[in-house]
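Structural description and commentary
Residue strings, one per chain:
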Amino acid sequence: MKKRVIALLLAATMAFALTACGSSSTTEETTDTTDATAAEDTTDASAAEEAAEDTAEDETSAEAEAEESDASALYEEAVGQTYVIGTDTTFAPFEFENDEGEHTGIDIELFEAIADEMGFTIEWDILGFSASVAALEAGQVDGVMAGMSITDERMEKYDFSDSYYDCSIAVAVASDSEIESLDDLAGSTVVAKTGTTGSQYAEELAEEYGLELLYVEESSVMYLYVASGQAVACFEDYPIVQYEIARGNVDCKVINTSEYSYPTGMAVLSGNYPELVAAFNEGFARLQEDGTYDEILSHYFE
């Protein structure tokens with residue numbers, strides 16, 4: 001009887017041990033399955049993220065290509081066209097009459113080089129700055145290329161090309177003047193050209209320094225006012241004044257320049273001739289790349 005009880009106990013113990021071993025194996029199998037599933041989920045998530053990134057890159061690339069294609073199609077519309085462009089009379093070195101009686105300058109050379117590059121034609125209408133802007137608004141010219149500064153106020157009315165030059169504003173007095181600063185200029189009569197960023201700068205300073213401001217239509221008249229004593233100082237784009245001083249055309253010296261500068265561009269009336277603006281921008285980029293732009297500037301600046 002004792003032997004039989006012992007045998008039964010041994011059998012029960014072995015059965016329990018086998019059951020325990022079986023449970024451990026099942027747990028390990030379940031854990032392995034869970035880990036494999038998690039790894040697969042992580043891999044799937046990473047693959048999905050990579051696919052999303054690739055899709056975003058493809059979409060961005062496609063949008064860029066579409067924009068480039070649209071710009072290309074737009075500037076090609078200018079090919080074979082003729083545009084009437086208003087310009088200033090005397091605003092050297094951007095536009096002026098040379099010794100041979102030819103109207104030339106940075107603006108003239110640059111725009112004609114762009115037109116040659118892009119396959120359209122320019123007819124110049126030499127009106128003066130204010131008259132050119134008035135003609136643009138009246139629809140008498142298609143665009144203005146006259147050293148025109150790009151300002152927020154002007155951008156409300158005109159569409160501009162990319163900037164081809166940056167200009168600060170200079171305050172110039174007679175070379176023998178004792179005036180050396182804006183403080184010395186306080187209470188004086190000064191002159192600026194109507195509708196220009198030079199006149200805007202003068203207006204900004206007028207209240208602070210008690211200036212009396214006169215307006216004229218031509219840069220050459222401004223310098224005459226200073227030479228004759230009708231005005232103590234004039235306000236003009238810095239490269240213009242420096243060009244005239246360097247060539248001995250005006251007997252002036254610069255006593256101040258604005259802390260800011262204005263980009264300069266070609267203008268059309270807002271919404272008009274988008275293909276001309278696109279052609280200007282594309283042509284200008286090409287002339288910068290092949291060195292033609294620097295060569296044009298070298299004709300006027302040493």
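Each remark here, short or long, concerns the structure printed above.
Residues numbered from 1 in each chain as written. Predicted model: local features only at pLDDT ≥ 70, side-chain atom pairs only at ≥ 80, totals over all residues. Heavy atoms only, no water.

What the five strands build is an open sheet, ordered E9-E8-E10-E7-E11; its pairing is mixed. Whereas interior strands pair on both sides, the edge strands pair on one side only; in this sheet they are strand E9 (212-216) and strand E11 (252-264). Adjacent strand axes in the sheet meet at a mean angle of 25 degrees when their direction is disregarded. Two strands pair when backbone bridges link them, and strand E8 (residues 189-193) and strand E10 (residues 233-237) are joined in this way by three bridges, in the parallel orientation. Opposite Val191, over in E10, you have Cys234 as the bridge partner. Contacting strand E7 (165-174), E10 and E11, helix H8 (residues 238-246) runs over the sheet at an angle of about 55 degrees to E7. (Pairing = 2+ DSSP bridges. Helix = DSSP H or I, 4+ residues; strand = E, 2+ residues; numbered from the N terminus. Axes fitted to C-alpha atoms, helices over the stretch in contact; angles between N-to-C directions. Contact = heavy atoms within 4.5 Å.)

Once that is clear, we can look at helix H2 (residues 106-118). The terminal C-alpha atoms of H2 lie 18 Å apart, and with 13 residues this matches the ideal 18 Å at 1.5 Å per residue to within 8%. Within the sequence span of H2, burial applies to Ile106, Asp107, Ile108, Leu110, Phe111, Ala113, Ile114, Ala115 and Met118. The positive-phi residue at the C-terminal boundary of H2 is Gly119, with phi of around 85 degrees. (Expected span 1.5 Å × (residues − 1). Buried < 20%, exposed > 50% of the residue type's maximum accessible area, 1.4 Å probe, protein only.)

Cis geometry marks the peptide bond from Ala92 to Pro93; its omega dihedral reads 10 degrees. One non-glycine residue, Tyr273, adopts positive backbone phi at about 50 degrees. Here Tyr273 is to be found in the loop between strand E12 (267-269) and helix H9 (274-290). By relative accessible area, Tyr273 is classed as partly exposed at 31%.

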